[in-house]
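Coordinates in review
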Amino acid sequence: MSSVVSYRRVGRVGVITVDYPPVNAVGVGVRNGLRSALDAGLADAGADILLLTAAGRTFMAGADIKEFGKPSQPPILPEVIAAFDASAKPIVAAIHGTALGGGLEVALACHFRVALRSAKLGLPEVKLGLLPGAGGTQRLPRLIGPAKALDMILSGDPVTAATALELGLIDTVDDGDSALDAGLRLAERALAEGWAPRPTSARTDKITNIDPDLFAGYRATLAKRARHLFSPHRCVDAVEAAVALPFADGVARERELFFACMESPQRAGLIHSFFAEREVAKIPGLPADTPKRDVRSVAVIGAGTMGGGIAMCFANAGFPVQLLDTAAEALERGVQAIRRNYEASAKKGKLTDAQVESRMALIRPTLSYDDLADADLVIEAAFENMEIKRRIFAELDRVCKPGAILATNTSTLDVNAIAAATCRPQDVVGMHFFSPANVMRLLENVRGAQTADDVLATVMDLARRIGKVGVLVGVCYGFVGNRILHQRGRESMALVEEGASPQQADRVLTEFGFPLGHFAMTDLAGIDVGWRIREERRKSGDPDAQAVNWLDALAEQGRYGQKTSAGIYRYEPGSRVAIPDPAVDALISADRAKRGLVPRDVSDDEIRDRCLYAMVNEAAKILDEGIAARPVDVDAIWLHGYGFPAHRGGLLFWADQVGLPVIAKAIDGYHARFGGSHWELSPLLRRLAQEGRGFRDL
Ligand code: T1G
């Protein structure tokens, strides 16, 4: 018998148990084990019914993603599943935790299904660039109808057990806490009532008399919403086959479509994105068992947009949060803004009124630093000014208890200089949240020169506890994400000076897959933000803080972007749709003329290559300087902080697919043409290109 799947009999019930930590992924061992255990159950004369269940925290959570891209090892999952479907004995599946992907597909091939009320069931394959390739596109429509099946398959999101029951995906919900007991209860009922095997493959009532326009409707929606993606369209093709073809032909069609998805570069990208989010939590040189400090209470300084969002992150995770501001009206405004955010979520059904109140109760406003004396973690989110921050940290050094972690949310300033304002630099760390902090998943944890290891381990663990993707970075201007963003912005501006329009530059980036281009993003963040940071840097004599004439001119006109319904684009009242503004095009033309710049036609390819290659070059410099430890850290930062298209895997994963020799050659060309330190080819990038290696080889 397999070491990961066991068989035993309980009364007249043959129990098959999968036990393959951590999530019972259906790898080759589990597939072999399932096959052997099923054979044992069918051969067991004392077993009149079979029960499939799993040990540990969850039912099978899908095929073993680690096997993807490698030669498949028999038995393949569809064959194992077909044996369950064809079983001469009725089979019950008992589900707990998350039955996902291939795991749910095994359950769909069982004849009856029970789930614990806390369980979730889903087919997330589309999020990996795939489709349910083990009969899911054929059996799910037979259980719940093609429309609801497509809704589940195209969203990739799991449904609760209660919803699964309503849909007809399962037969009953059990309020116990043991899947085994729930399964035995249903099995005993099946025996008592004489239930016969009910193969899903033979069920046809839900796939007859289907609206002939159903699939055209889904295709029309995808043509708008997912035109650059591959697998969602194949999902529609597969479910359409379930309705149009006999089961065996439908399964064959599904298999063809599955392999077409498997071969797509989008599958490779999405799988890389999936693992990147988990990989970055493991810090080279910081053992997983590094002790962590006990953080139960949090304080946030600054009740502005960032401070309020950060306070929400912790309140959402159940932490009591003190929110401090030195001005009473600013504090009140901040608390009201938090309440408005929660109430907006409640209006969308994402929160109950009780949850709104319980989270608001966790947030305690204060005007006094003395109230922070017992906080385990203090996060400063004050104005982006070094003197202000140093004064705050000197005060925290005075009032906070020994061992409290003192974090700054600075997005550009030197964490070491801030730490030097205290007598405890080992307790100081950067926690750079991204706006809106209660929404964006990325958290750059910034390691100061003297930050203690247990502080690093603590803030990385806290990222997970508050539902963020925490990435550890070093100290430099802009850390990793914004430093790379600065390159994309600089190149976007240069391309506009040379003749492109903001709307053309933005279109190229959105067609690449970014949610917004540089100029629409500037309007969203507010032109005044960059304008004021440049002013600060100009006052400090920073030679690099060059005035951006036409953009600063817009700020001086009070055109700050979306917040003023006009910036680089125009916005109808209440709308976020960016409308190109001829007045801005004229301002840009005048600015070019004033500076003696003769505009030229700039191709889309040049815009894409210059923006993306400038980012890759800066990322290589960041790796060379040790500001980011691994390419996967850069990928995760841009995936979760800036909307880098997940189907492309991440900035450096994509660069490897383009080929580093191609990129290095182009950058050398740009340097020859434009000069500038930013176009000096990173030594690391040059070395990798010359050696025929990729970032993946680091
Ligand atoms: N295969 C391999 N490893 C997996 C895995 C999987 N399917 N799912 C999780 N892991 C690892 C993960 O990398 C991590 O490893 C550990 O388990 C804990 O995961 C044929 C083709 C199940 C909801 O897409 O959504 O079936 O870092 O940190 O937060 O049609 O994992 O500890 O070394 O995420 O509690 C479809 C993906 C596959 C499910 C648990 N299934 N997994 O979340 O833990 S394609 C999925 C998840 C498929 C069929 C098709 C989540 C989770 P390590 P974790 P978690």
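Residues numbered from 1 in each chain as written. Predicted model: local features only at pLDDT ≥ 70, side-chain atom pairs only at ≥ 80, totals over all residues. Heavy atoms only, no water.

Under an unreviewed UniProt entry, the name given to the protein chain is 3-hydroxyacyl-CoA dehydrogenase, and the organism recorded is Azospirillum cavernae. Database annotation for the protein chain, UniProt heading Pathway (unreviewed entry): "Lipid metabolism; fatty acid beta-oxidation." (UniProt positions renumbered as here; feature names shortened; annotations may be inferred.)

Before going further, it helps to spend a moment on the UniProt feature "domain: 3-hydroxyacyl-CoA dehydrogenase NAD binding" (unreviewed entry) in the protein chain. Taking the numbering used here, the UniProt-annotated feature "domain: 3-hydroxyacyl-CoA dehydrogenase NAD binding" (unreviewed entry) corresponds to residues 297-473. Across residues 297-473, helical content stands at 42% and strand content at 20%; the span's end C-alpha atoms are separated by 25 Å. (Helix = DSSP H or I, 4+ residues; strand = E, 2+ residues; numbered from the N terminus.)

With that settled, the discussion passes to the site of the ligand. By nearness alone, 28 residues border the ligand, and Ala 63, Gly 102, Glu 105, Glu 125 and Arg 278 come closest of all. Side-chain polar atom of Arg 57 to an oxygen atom of the ligand: 3.0 Å apart, as the coordinates give it. Contact with the protein chains covers 75% of the free accessible surface of the ligand, which is 1000 Å². Residue assignment for the shell around the ligand shows that the elements contributing at least two residues are strand S5 (98-100), helix H3 (102-109) and helix H11 (265-279). For the shell around the ligand, the leading source of residues is H11, giving 3 residues. For the shell around the ligand, the residue count by class is 16 nonpolar, 5 polar and 7 charged. (Near = heavy atom within 4 Å. Polar contact = N/O pair within 3.5 Å; in protein donor to acceptor, adjacent residues only side chain to side chain. Areas by Shrake-Rupley, 256 points an atom, 1.4 Å probe, with all protein chains shown as cover. Nonpolar A, V, L, I, M, F, W, Y, C, P; charged D, E, K, R; others polar.)

Read from one edge of the open sheet, 6 strands run S1-S2-S3-S4-S6-S9, paired in mixed fashion. Bordering the open sheet on either side are strand S1 (5-10) and strand S9 (172-174), each of which pairs with just one other strand. Each adjacent strand pair in this sheet contributes to an overall mean axis angle of 25°, direction not counted. Sheet strands touched by helix H7 (residues 179-193): S1, strand S2 (13-18), strand S3 (49-54), strand S4 (91-95), strand S6 (112-116) and S9. Its angle to S3, the strand with the most contacts, is close to 165°. (Pairing = 2+ DSSP bridges. Axes fitted to C-alpha atoms, helices over the stretch in contact; angles between N-to-C directions. Contact = heavy atoms within 4.5 Å.)

For the rest of this paragraph, the subject is the pattern of salt bridges. A side chain of one charge can pair with a side chain of the opposite charge when the charged atoms of the two come close. Following the criterion strictly, the structure yields 51 salt bridges and no others. Between Lys 389 and Glu 380 there is a salt bridge whose closest N-O contact spans 2.5 Å. Put simply, Arg 600 and Glu 498 hold a salt bridge, and the shortest N to O gap is 2.6 Å. In this pair, Arg 600 sits in the loop between helix H23 (582-594) and helix H24 (604-624) while Glu 498 sits in helix H18 (residues 481-498), placing the two residues 102 residues apart along the sequence. (Salt bridge = Lys/Arg side-chain N within 4 Å of Asp/Glu carboxyl O.)

Let's shift gears to the sheet that holds S5. The strand order S5-S7-S8 describes an open sheet built from 3 strands, whose pairing is mixed. Both edges of this open sheet fall to S5 and strand S8 (159-160), since each of them pairs with a single strand only. Relative to S8, strand S7 (residues 120-122) is paired through 2 bridges, and the arrangement is antiparallel. Bridge pairing links Leu 121 to Val 159 in S8. Those strands touched by H3 are S5 and S7, and its axis lies near 85° from that of S5.

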